[in-house]
Amino acid sequence: MPQNLERDFRKAVLKLKHKKRSSLNRKIQAFFQSIIQYWFVLLLILLAVINGTNPHLIKDFAVRVGYTPVPPSLASPWSWNNNQTIHPIVANITPDIESSIKSVAEYIARQEPDPYLRIKALHDYVINRVSYDFHALELGIYPPQDAQTIFSTRKAVCGGYANLFMALAQAIGINTVVIQGDIRQDLAPPNSIYPNIGQLNPNIKLTLHAWNAVKVADNWQLLDTTWDDSNSNQNLSLYKSDYLMPPPEIMITDHFPDRSDWQLLRHPISRDYFEKQLMLTPRFFTEKLQIISPVEYKNSIQKNAFIQVKIPSNYLNTIVALFSEREKSNFSFWSLQRSNPFVQDNKTDIKTCQSQPAVGEAIQISCQFSETGIYQVLLFSLEQKDNTSRPYPIAQFKFDAH
């Protein structure tokens, strides 16, 4: 074969092989692309189904991947010296500033340079502008709880409060997350107060709750705007900052996050211990009180319950204990949202325990139960101010009398 003809033949063969190889490669690429597209579409469908059945799961995964919380090394200024006063920036904010979430957040950031007081201002804005949606709670059917909806309607359940706070904080570059978890079983709204909940939505879990963690001065802190909101409480309406960045050891008395590291404790507790521990409010700690006995929340007794509370030497308030039988009364921390137990008309089925004067800085409280049953005992600190007495819940106990 002539040399030129042989060279041309080889070129033609190589060209044909290259063409076939390129065609094969394109087919292989198209095959794998179709596989990838198929699985991508399947993944989107799966995520849509998951989001429809459990919308918190994807958010929780994003939080888990994005943040690795550690216990704070620096305590927040809790409790605040002005814990009965709303931040003046929020008190004086004008309607034109409230055109958007971003506008409100940026205004607060400009006016308040202190990082902790800036969080207080955001917290105060939420609890001052939003009211708890008791109607939605009673129905067990909740409207959208996204931040923009809550900003517009000013009605929310816990998720809405947490979402609005997060949106305000993130609008000015503050690291904030919504924490999903549970409150204690005996702090859940009882069906006796909201009888329609179980009927209209039998699958609802009444202990579910949402709150926030916020990073300040490179330290994670916890806060709950829902539980600090007293706007919906007509009889006990009072500004509160009890759940504004308290120590994690105080938050864990009634808030149990799904993810244990959001307890922000060096040694996280178990759910079993969470339910058994003493049920104490932040006010109990700010008043520097101590429970000497009993040492747990639930107790089995004969007919008399005895509670010993250690008080500071300069303690000026009065501690009062009320009790009722759980099955015969609506009396609970939740009932305080609708009635003041210290008003005579609201004392049906509610009785007063006997308190002995302080002996060696300890108050002796005795509750006498006339029959067997499960009894709820609530302790209040009564503060005398402006010729009026304001009750603050400080502790709760359960006694099984037999």
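Residues numbered from 1 in each chain as written. Predicted model: local features only at pLDDT ≥ 70, side-chain atom pairs only at ≥ 80, totals over all residues. Heavy atoms only, no water.

**Thoughts on the overall build of the chain**
Formally: Each helix is a run of H or I in the DSSP string that is no shorter than four residues. Each strand is a run of E no shorter than two, and both are numbered from the N terminus. For every residue, the accessible area (1.4 Å probe, protein chains only) is compared with the maximum for its type, and the residue is labelled buried under 20%, exposed over 50%, or partly exposed between those bounds. Only heavy atoms enter the contact rule, under which two residues are in contact if any of them lie within 4.5 Å.
Scanning the chain from N- to C-terminus turns up 13 helices and 16 strands. Burial statistics for the chain: of 402 residues in total, 46% are counted as buried. Long-range pairs, those at least 24 residues apart, make up 70% of the contacts in the chain with a sequence separation of at least 6.

**A few points about the packing of aromatic side chains**
What counts, and what does not: Pairing of aromatic rings covers Phe, Tyr and Trp, the last through its six-membered ring, and needs centres within 6.5 Å; plane angles under 30 degrees mean stacked, over 60 mean edge-to-face, and all others mean tilted. A ring is considered to have a charge above it if a Lys NZ or an Arg CZ atom is located within 6 Å of its centre and within 35 degrees of its normal.
For the structure shown, the criterion picks out 12 aromatic pairs. Pairing Tyr-132 with Phe-134 gives two aromatic rings, centres 4.9 Å apart and planes at 55°, and the pair type is tilted. Just as Tyr-132 is buried, Phe-134 falls in that class too. Note on Phe-284 and Phe-285: the rings are 5.6 Å apart at their centroids and 80° apart in plane angle, and the pair reads as edge-to-face. Overall, Phe-285 belongs to the partly exposed group, its relative accessible area being 29%. Above the ring of Tyr-297, the side-chain terminus of Arg-184 is found at 5.1 Å from the ring centroid. Sitting over the face of the ring of Tyr-392, Arg-283 holds its NZ or CZ atom 3.6 Å from the ring centroid.

**Describing the nonpolar core**
Within soluble globular proteins, side chains that are nonpolar tend to cluster in buried spots. Our working definition: By nonpolar core we mean a set of buried residues, namely Ala, Val, Leu, Ile, Met, Phe, Trp, Tyr and Cys, connected to one another through side-chain atoms within 4.5 Å.
With 40 residues, the main nonpolar core has Ile-119, Leu-122, Tyr-125, Leu-164, Phe-165 and Leu-168 as its most contacted residues. Taken together, the elements giving at least two residues each to this core come down to helix 3 (88–91), helix 4 (101–111), helix 5 (115–129), helix 6 (134–139), helix 7 (147–153), helix 8 (158–171) and strand 4 (208–216). Among residues more than four places away in sequence, those in contact with Tyr-125 are Val-90, Ile-93, Glu-98, Val-104, Ile-108, Phe-151, Arg-154 and Leu-168. Residues Ile-307, Phe-369, Tyr-375 and Phe-397 belong to the second largest nonpolar core, which totals 27 residues.

**Things to note about empty space enclosed by the protein**
The cut-off we apply is this: In this analysis the probe radius is 1.4 Å and the grid spacing 1 Å, with only protein atoms considered; a cavity is a set of points the probe fits into but cannot get out of, a pocket is an open set with protein on both sides within 12 Å along at least five of seven lines, and lining residues have an atom within 4 Å of a point. Grid points are joined across faces, edges and corners, and a volume is the space filled by probe spheres set on the points. By the convention adopted, Pro, Cys, Tyr, Trp, Phe, Met, Ile, Leu, Val and Ala count as nonpolar, Lys, Arg, Asp and Glu as charged, and the other residues, Gly among them, as polar.
Per the stated rule, a full pass over the model turns up 3 cavities of 30 Å³ or more. Approximately 60 Å³ is the volume found for the largest cavity. In terms of lining residues, the largest cavity is bounded by Asn-83, Gln-84, Leu-238, Tyr-239, Lys-240, Ser-241, Asp-242, Arg-283 and Tyr-392. In terms of residue class, the lining of the largest cavity is made up of 3 nonpolar, 3 polar and 3 charged. Every residue lining the second largest cavity is listed: Trp-78, Ser-79, Trp-80, Asn-83, Ser-241, Asp-242, Pro-282, Arg-283 and Thr-286.

**What about the pairing of strand 15 (residues 373–385)?**
Moving residue by residue along a regular strand, the side chains alternate between the two faces of the sheet. Counted only if it meets this: A pair of strands is considered paired only if DSSP assigns at least 2 bridges between the two.
Across the 13 residues that make up strand 15, a large majority, 10, are buried. Here strand 11 (residues 318–325) runs beside strand 15; their pairing, made up of 8 bridges, is antiparallel. Following the sheet pairing, Leu-322 is matched in strand 15 by Leu-378. As defined by bridge partners, strand 15 adjoins strand 16 (residues 388–401) across 13 bridges and the pair is classed as antiparallel.

**Re helix 8**
Under the convention used in this document: Multiplying 1.5 Å by the residue count of a helix minus one yields the expected span of that helix.
Compared with the 20 Å implied by 1.5 Å per residue over 14 residues, the 20 Å span of helix 8 between its first and last C-alpha is a close match. Taken across its 14 residues, helix 8 has 11 buried, putting it largely inside the fold. Taken as a whole, helix 8 has its buried residues at Cys-158, Gly-159, Gly-160, Tyr-161, Ala-162, Asn-163, Leu-164, Phe-165, Met-166, Leu-168 and Ala-169.

**Structural notes on unusual backbone geometry**
Cis geometry marks the peptide bond from Trp-78 to Ser-79; its omega dihedral reads -10°. Looking at where Ser-79 falls in the secondary structure, it is placed in the loop between helix 2 (55–66) and helix 3. Residues Ser-293 and Pro-294 are joined by a peptide bond in cis, for which omega reads -5°. Its place among the elements puts Pro-294 in the loop between strand 8 (290–293) and strand 9 (298–301). Located in the positive-phi region is Leu-264, a residue other than glycine, with phi close to 60°. With respect to the helices, strands and loops of the structure, Leu-264 is situated in the loop between strand 6 (255–257) and helix 12 (271–276).

**Some points on the environment of Ala-147**
Tracing the backbone through its elements, the reader meets Ala-147 in helix 7. Spatially, the C-alpha atom of Ala-147 lies 9.2 Å from that of Gly-159, the residues being 12 residues apart in sequence. Contacts of Ala-147, omitting those with residues within four sequence positions, involve Ile-101, Asn-163, Leu-164 and Ala-167.

**Comments concerning helix 5**
Every α-helix carries 3.6 residues per turn, so stepping three or four residues along brings you back to the same face. Heads up, the rule is: Counted as a polar contact is a pair of N or O atoms within 3.5 Å, where, for protein atoms, one must be capable of donating a hydrogen and the other of accepting one, and residues adjacent in sequence contribute only when both atoms are in side chains.
Taking 1.5 Å per residue, 15 residues should reach 21 Å; helix 5 reaches 21 Å between its end C-alpha atoms and fits that length. Most of helix 5 is tucked away, with 11 of its 15 residues classed as buried. Between a side-chain oxygen at the N-terminus of helix 5 and the backbone nitrogen of Tyr-116 the separation is 3.0 Å; the capping residue is Asp-114.

**Notes on the packing of helix 4 against helix 5**
Condition: Helix axes are fitted to C-alpha atoms over the stretch in contact, other axes to C-alpha atoms as well, and angles between N-to-C directions run from 0 to 180 degrees. The sense of a crossing depends on the near helix, which, turned anticlockwise from the far helix by less than a right angle, makes the crossing left-handed and, turned clockwise, makes it right-handed.
Contact pair helix 4 / helix 5: the axes reach a minimum separation of 9 Å and the direction vectors enclose 145°. For the crossing formed where helix 4 meets helix 5, the hand is right-handed. Only Arg-118, Ala-121, Leu-122 and Tyr-125 of helix 5 make contact with helix 4, whose side of the interface consists of Val-104, Ile-108 and Ala-109. Class assignment of the residues belonging to the contact of helix 4 with helix 5 gives a composition of 6 nonpolar, no polar and 1 charged.

**Points about the sheet that holds strand 14 (residues 362–368)**
Here 4 strands make up an open sheet; going across it, the order is 8-10-14-13 and the pairing antiparallel. Whereas interior strands pair on both sides, the edge strands pair on one side only; in this sheet they are strand 8 and strand 13 (354–356). Taking each pair of neighbouring strands and ignoring which way they run, the sheet shows an average axis angle of 25°.

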